[in-house]
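Coordinates in review
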Amino acid sequence: MISGWLSIFELVAIIEARPWVAAPVLALIGLFVWKWRKDRQNKQNKQQGI
């Protein structure tokens, strides 16, 4: 349990020291979530006949 917390703090320290490392990862996650929500909304619209 303690090692898990320490690894989280270590990741935060790396992100604070080098934000350019996390930027592409966060951009990819955001793109994935946006596409998933868009596809889900399109699927609901097709089911409703809109």
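The structure presented is a predicted model; accordingly, all values stated were derived computationally and were not measured. (Residues numbered from 1 in each chain as written. Predicted model: local features only at pLDDT ≥ 70, side-chain atom pairs only at ≥ 80, totals over all residues. Heavy atoms only, no water.)

**Looking at the pattern of salt bridges**
Under the convention used in this document: Here, a salt bridge means any Lys or Arg side-chain nitrogen found within 4 Å of an Asp or Glu carboxyl oxygen. The way it works is that DSSP assigns letters per residue, a run of H or I at least four long becomes a helix, a run of E at least two long becomes a strand, and they are numbered from the N terminus. For every residue, the accessible area obtained with a 1.4 Å probe (protein chains only) is divided by the maximum for its type, and the residue is called buried under 20%, exposed over 50%, and partly exposed between those limits.
Under the counting rule described, the total for this entry stands at one salt bridge. Its salt-bridge partner being Lys-35, residue Asp-39 comes within 3.2 Å of it at the nearest N-O pair. Separated by four residues within a single helix, Asp-39 and Lys-35 lie in helix H2 (residues 19-48), roughly one turn from each other. Take Asp-39: its relative accessible area is 40%, and that puts it in the partly exposed class. Judged by relative accessible area, Lys-35 falls into the partly exposed class, the value being 48%.

**Considerations on the environment of Asn-42**
When you line up the elements, Asn-42 lands in helix H2. For the pair Asn-42 and Ile-8, spaced 34 residues apart in the sequence, the C-alpha separation amounts to 36 Å.

Interpretation in functional terms is not warranted from these geometric data alone.
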